[in-house]
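Spelled out from the first residue to the last, the chains are:
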Amino acid sequence: MQRSSTDKRHFIIAGVLVVVVSLALYALLYVALPLPLQASTQAATIDWVFQAHMILLSVLFALVVVFMMYAVVVFRRKDGDSSEGEHFEGNTPLEIAWTVLPLIAVVIFGYIGVTSLRTVTAAQENEVVVDVEGFQWAWAFTYPDTGAASADLVLPVNQPARMEMTSRDVIHSFWVPEFRVKQDAVPGQTTVLRFTPTVEGEYTLVCAELCGLTHYNMIAKVKIVSQEEYAQWQQVQLAAMGKTAATAGSIDVAQGDAPAVDN
Amino acid sequence: MADNEQRMSLLSIGLVRGLVGQFAGILLGFALVVLIRALAGYDEVWSTEPAWVVGAILGALGFLIAIGAMSDWFSWWRGGETPFVHGPRHPGRPTWARYFDVDYNHKVIGIQYGVTGLIMLCIGGSFAVIFRSELARSGLQFLQPATYNTFIGMHGWAALFGIFIGIGGMANYLVPLMIGADDMAFPRLNSFAFWINVPAIVLLLISLYYTWDAGWTVYPPLSLKGSPGFQLVFWSIFLLGFSSILGSLNLVATMLRMRSPGMSLFRMPIFCWAMMATSLIQLTATQLIAMSFLMLSLAREATLAMPFFVPVLNAAGVNIGGDPTLFQHTFWFYSHPAVYVWVLPGLGIISELLPVFARKPLFGYRWIAISSLAIALVGFLVWGHHMFTSAYSPNLRVWFMVSTLLVAVPTGVKFFSWLGTIWGGKLSFPTPMLFTLGAISVFLLGGLSGPVLATVATDLHLQDTYFVIGHFHATIFGGFVFPFFAAIYYWFPKITGRMYNEQLGKLHFWLMLPAFWLMSVGQMSVGVAGMRRRIVDYDPLLGGMTRFNLGFVEIVQILITISAFVIAFSILIMIYNLFHSAEVGRVAGANPWRSRSPEWQIPSPIPEQSYPRPLHVVGEPYDYGLATSPRFVAGDD
Amino acid sequence: MAVANPVAPGAGHVESAHSEAAHGHVPTYAETLANNRLGLWLFFISEAFLFGGLLAVRFYLWGGTRPEVSQFIGLLVTSVLLLSSISMYTAEAALENGNRRLFLTLLLVTAFLGLVFLGGVMIFEWGLFPSLYEGHLTPWGDKYGAVVFLMTGMHAIHVISGIIFILIVWNLGRKGHFSPSRKWGVESAAIYWHYVDLVWIFFYPAIYLIGTAVTH
């Protein structure tokens, strides 16, 4: 004789399994979904939110799949049995519970979402401003503070950076996976992206929005260097352009050929 | 086949006639443009894009006129009467010819939709298999970037055609049967709405001749320049939109007006509720995509260059033109709800099949019915989550994040109700049930990978990566493909009167499910690691800064490609199974699944007129397991 | 909700009927009419999203501005269109009262007024005939021209189809179709025409009245 489906033992066994499977699943996800190097302060926040979501994912996935597989194993029809299952059409308190509990989860994760968004996009003092222009299929960077221009993006470590971005032709998107954050560069507008690089090294900036023929190859080198190296690099760039830092300060190269339009 | 059948000439086949009509219409359109340009005094009388625009419109009209989808209406306009009769419109022709011609029987139209949908899914899948082969290794193998970029867009739209048309198949075949109706409310409109898809498909395929490289989302300004292929795509989708609007209008009217006596709204099988929610979205939101694509067509540089989506600077440097982000708003205002169009019918199929194979009532019928409507409603408020990295107000991002997370609530109701349905049942596992359970697991993966994308901070990393690809395909396979296959196997005996081959069906499932899981998780994996979508070549080390290296990305890509091939192979097994079993399968009988739904109370295959006597419905749709419940009192008493 | 079978509560889902004819149910005129009415209103709901979308485009791109347009022409074409709605309504009423002559005449009047409206749009808003009126808006010049052409163009397509619809009804009416009790063709043409007018009631202020005029 089969136990009633509302027998407590079913739920105790399934409950234990849910806990075990959740833990196993989270471990699996941690391996299977490898985040890139954490190389900006924004990345730290984003990775924390990401892992919170992975915990949620593991628990909910385990909850549904364990109960489903438990039912598949325990409540399967025996050979030759043509009787019907138990007759119950629903359970209103249960329905209310599984409407309200997800709602609470939504509120919690909505709160996490709002605060993390605020942290990730917050303006900082002492930002290095770079004017970024995307075009088919490369990037151009100018530093309005000094007037330097470059095809590589060079930034000092541990200093907040602000990208003022626009596009010459179609929509592009600025993304360095190690910094996590991403923002479209749109023709006719200036969009802003902030991040603070924390690890010196060479990274790759890629275009993340399909922009035509060689979109896949629209990449630029990103170098995160110490403050001294950064200052030195600026000098070299200016010298190569035939300017000195003193005279360049007032020249506004930013206005170049990328019209910034208020929208 | 009967002996007295007419011999069919080629032109008496409706589809052939229609294609000839479309060809003539296209030529007429070309000629018209040349004529107008000559009269207007242009030096160059030929202009490819305007010619294709006019050709596409007249071609579609030509198709519909030639196949006869509008004949009755023309007759009405002249004052004629065309009373509705059951049965073939051209008696004496072989049965197969009905399926290639205008026919008003919703079961014929349902099959037309279903088969066309399957064909389009296969075409869409073929593109995927081709570029998956390219992506198995880094570097350029055999696809040129331009071809690759075209193929990803073609994969998207061909598969979406398959989904829309496949849903049309399930809806047109099942909804009238399930509510005990003889046919749809507007049978002629029904046929028209199906056949308009065919010229649309022709245009989509012609677009391959030109390349168009902006992906299925065709964001301007990229889609405003370059090849005329874009115009063909725009008008192809415009026509598909017509089909969606007219078809859904018909379904809503049918469900509101054609129910048999006693079939109250809350006694409709749950699939009808899913289709109600779906149809309400299609009826309304589709207008926005039609508008968006019309605007793109007019905005292209080779047509009117209307500046909706590109900035135009006046002498003072002020933008008096448009804004590329506008398109994204109008596009996603439709295309997000459209995602629910693609999955709600499939979720309805899951809810429909579980009670039958669990021998238990559907848990919380009303909650599931209402959750479909709730998902449809919330679906209209969340479009901005596709645009978290686009240029728009940061405050709006917060709103779209929270509204998107809210989708989890009605979706959760569905999952938990499904668990309640199988809990304590007497479960059996023929192929349709396997696909149903597989669908739940895959849709769960798709659903649970959603909140991390809905949260702006994490989406800033994941937007436009393979994670999105993995999430989307899990949603669509769980929400449409697996349930669609479940539906095909489940209703196959009702349609053909014969049983499919169970061994082959199980083989199909056990190949496809693990392969899909591997593919989807693999895509999410490389996406998190930093791989962008829509790239023909990739750096196998992703810049060398990932936690894993040594070709981790390439290994996963190879696995994804192998999975794609396995999935494609398993679908070929299904197609063989369907064709083969339709000929030699064992006779199934009227109700092999012991279902309580009305369509199973009538013979298989269903006669020309489904319900010669109107049904009188007196009980609940899912009263399985009620001891006092006798079997059905259907038929001739 | 229908009452369950009193003999066996919760009994079978389906039961055959004994009273109905065995050859299925041929829909009556009243049933078809109810279907058609519902279908038409669903179509209107659908179309409302198209016109709503066009309005959204207008407010997105123009915001609190609008192009410099002739207020006189705007008021004129709007009045003509409103007048045509009145004549359409009167035509339908005439049919109901059995006055077929008036009914047919007023249908033609409505179609004519629709044509006048179209002419006004084409000559003055679009500037299609520079010899009559030198229009200053072009579809490709700026967002003002583009949106004006988009909105009025989409509306004009509906006006044209409405005029064709009315002419078909007129032709059928001339041949003796329609009676006070069977007039779905007339009714649908009238509702459609009123709907197209209603859309203009929203478009007119959006193009002509709201926002400050920008000269360019």
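The model shown is predicted, which means the values in this text are computed figures rather than measured ones. Per chain, the residues get numbers from 1 upward, laid out in the order the sequence is written. Both sets of labels track the order of writing: A upward for chains, 1 upward for ligands. Reporting of local features is limited, given that this is a predicted model, to residues whose pLDDT is at least 70; pairs of side-chain atoms are given and counted only at 80 or more, and all residues count toward the totals for whole chains, interfaces and linings. Processing note: side-chain calculations cover all non-hydrogen atoms of the structure and skip hydrogens and water entirely.

Strands are runs of DSSP state E lasting at least two residues, helices are runs of H or I lasting at least four, and both sets are numbered from the N terminus onward. Assigned secondary structure in chain A consists of five helices and 10 strands. All radius of gyration figures rest on C-alpha atoms, and the globule criterion is 2.2 Å times the number of residues raised to 0.38. Scaling as 2.2 N^0.38, a compact globule of 263 residues should have a C-alpha radius of gyration of about 18 Å, whereas chain A reaches 27 Å, well beyond that. Counting only C-alpha atoms, chain A reaches 90 × 35 × 30 Å along its principal axes. Contacts were defined at the residue level, with two residues in contact if any of their heavy atoms lie within 4.5 Å. Looking at chain A alone, contacts between residues at least 24 apart form 70% of all its contacts between residues at least 6 apart. Areas reported as accessible are Shrake-Rupley estimates using a 1.4 Å probe. Residue values count occlusion only from the protein chains shown. About 11900 Å² of surface is accessible on chain A, with carbon and sulfur atoms providing 63% of the total. Residues scored as charged are limited to Lys and Arg (positive) and Asp and Glu (negative), so that His and the chain ends carry no count. A single reference atom marks each charge: NZ on Lys, CZ on Arg, CG on Asp, CD on Glu. If the 15 positive side-chain charges of chain A are averaged to one point and the 26 negative ones to another, these points end up 10 Å apart.

This paragraph deals with the environment of C:G141. Structurally, C:G141 is set in the loop between helix 3 (100-125) and helix 4 (143-174). Sequence separation between C:G141 and C:W126 is 15 residues; the distance between their C-alpha atoms is 13 Å. Setting aside chain neighbours within four positions, we find C:G141 in contact with B:P307 and B:V312.

Let's shift gears to empty space enclosed by the protein. Points on a 1 Å grid over protein atoms alone make up a cavity when a 1.4 Å probe fits among them but cannot get out, and a pocket when they form an open set with protein on both sides within 12 Å along at least five of seven lines; lining residues each have an atom within 4 Å of a point. Grid points are joined across faces, edges and corners, and a volume is the space filled by probe spheres set on the points. One pass over the structure, following the stated rule, counts eight cavities of 30 Å³ or more. Within this model, the largest cavity holds a volume of roughly 150 Å³. Listed by contribution, the elements that provide at least two residues to the lining of the largest cavity are helix 6 (145-178), helix 9 (229-257) and helix 10 (270-299) of chain B. Residues were grouped as follows: Ala, Val, Leu, Ile, Met, Phe, Trp, Tyr, Cys and Pro as nonpolar; Asp, Glu, Lys and Arg as charged; and all remaining residues, including Gly, as polar. Residue composition of the lining of the largest cavity, grouped by class: eight nonpolar, eight polar and no charged. Space inside the second largest cavity adds up to approximately 100 Å³. Together, C:V69, C:S70, C:I73, C:F124, C:E125, C:Y133, C:G135, C:H136, C:L137 and C:Y208 line the second largest cavity. Looking at side-chain class alone, the lining of the second largest cavity contains six nonpolar, three polar and one charged residues.

Glancing now at the domain arrangement of chain A. All names here are of chain A. The domains assigned to chain A are domain 1 (8-75 + 92-121) and domain 2 (128-255). Domain borders in the structure are assigned automatically or taken from a domain database. Distance from the C-alpha centre of domain 1 to the C-alpha centre of domain 2: 37 Å. Between domain 1 and domain 2, the contact holds 13 residues from the first and 12 residues from the second. With both sides pooled, the region where domain 1 packs onto domain 2 buries about 980 Å², and carbon together with sulfur makes up 58% of that total. We note a salt bridge from D47 to R180, for which the minimum N-O separation is 2.7 Å. A 3.5 Å cut-off defines polar contacts: any pair of N or O atoms within that distance qualifies, except that in protein one atom must be a possible hydrogen donor and the other a possible acceptor, and neighbouring residues in sequence count only when both atoms are side-chain atoms. Counting across the domain 1 and domain 2 interface gives nine residue pairs in polar contact (both at pLDDT 80 or more). Of all the secondary structure elements, the ones that give two or more residues to the side of domain 1 that touches domain 2 are helix 2 (41-74) and helix 3 (92-121). A per-element tally of the side of domain 1 that touches domain 2 places helix 2 first, with five residues. Partitioning the side of domain 1 that touches domain 2 into residue classes produces seven nonpolar, five polar and one charged. Here's the idea: put two parts together, see how much 1.4 Å probe accessible area each one loses, and the total over both is what we call buried area. A carboxyl oxygen of Asp or Glu within 4 Å of a side-chain nitrogen of Lys or Arg is what we treat as a salt bridge.

Here the focus is the nonpolar core. By size, the foremost hydrophobic cluster in this structure holds 356 residues, and its most contacted members are A:M163 and A:F174. Here the element with the most residues in this core is helix 11 (residues 324-358) of chain B; it accounts for 21 residues. Think of a nonpolar core as a cluster: buried Ala, Val, Leu, Ile, Met, Phe, Trp, Tyr and Cys residues, connected wherever their side-chain atoms sit within 4.5 Å. Relative accessibility decides the category of a residue: with a 1.4 Å probe and only protein chains considered, values under 20% of the type maximum give buried, values over 50% give exposed, and everything between is partly exposed.

What follows concerns the pairing of strand 5 (residues 161-167) of chain A. In the case of a regular strand, side chains alternate between the two sheet surfaces. All names here are of chain A. Here strand 5 lies mainly inside the structure; six of its seven residues are buried. For two strands to count as paired, DSSP must find a minimum of two bridges between them. Pairing of strand 1 (residues 128-135) with strand 5 involves seven bridges; the strand directions are parallel. By the bridge assignment, V130 is partnered in strand 5 with M163.

On to the pattern of salt bridges, then. A full pass over the atoms with the stated rule returns 21 salt bridges over all chains. Put simply, B:D72 and B:R188 hold a salt bridge, and the shortest N to O gap is 2.8 Å. Of this pair, B:D72 sits in helix 3 (residues 71-77) while B:R188 is found in helix 7 (residues 187-195), placing the two residues 116 residues apart along the sequence. Per residue, the accessibility class of B:D72 equals that of B:R188, and both read buried. Taking the shortest distance from any N to any O, the salt bridge between B:D101 and B:R93 comes out at 3.4 Å. On the basis of relative accessibility, which here comes to 3%, the residue B:D101 falls in the buried class. Look at the salt bridges and you will find they share partners, linking A:E127, A:R162, A:E164 and A:R194 into a network.

In this model, A:Q136 is joined to A:W137 through a cis peptide bond whose omega is 0 degrees. Within the secondary structure, A:W137 is located in the loop between strand 1 and strand 2 (138-143). The omega angle of the peptide bond from B:S604 to B:P605 is -15 degrees, so this bond is cis rather than trans. Counting through the fold element by element, B:P605 comes out in the loop between helix 20 (552-584) and strand 1 (615-617). Of note, the phi angle at A:N126 is positive, near 60 degrees, even though the residue is not glycine. Looking at where A:N126 falls in the secondary structure, it is placed in the loop between helix 3 and strand 1.

Further remarks concern the interface of chain B and chain A. In this complex, chain B contributes 98 residues to the contact, which on the side of chain A involves 93 residues. Counting the contacts that link chain B with chain A gives three salt bridges. Between B:K426 and A:D81 there is a salt bridge whose closest N-O contact spans 3.1 Å. Summed over the shared surface of chain B and chain A, the result is 25 residue pairs in polar contact (both at pLDDT 80 or more). Split into classes, the residues belonging to the side of chain B that touches chain A amount to 56 nonpolar, 26 polar and 16 charged.

A few words on helix 8 (residues 197-206) of chain B. Residue and element names in this part refer to chain B. Across the 10 residues of helix 8, seven count as buried, placing the element largely inside the fold. Regarding helix 8, the residues found buried are N197, V198, P199, A200, I201, L203 and L204. Residues of helix 8 that are buried make contact with helix 1 (14-39), helix 2 (48-67), helix 5 (106-135), helix 6, helix 7 and helix 9.

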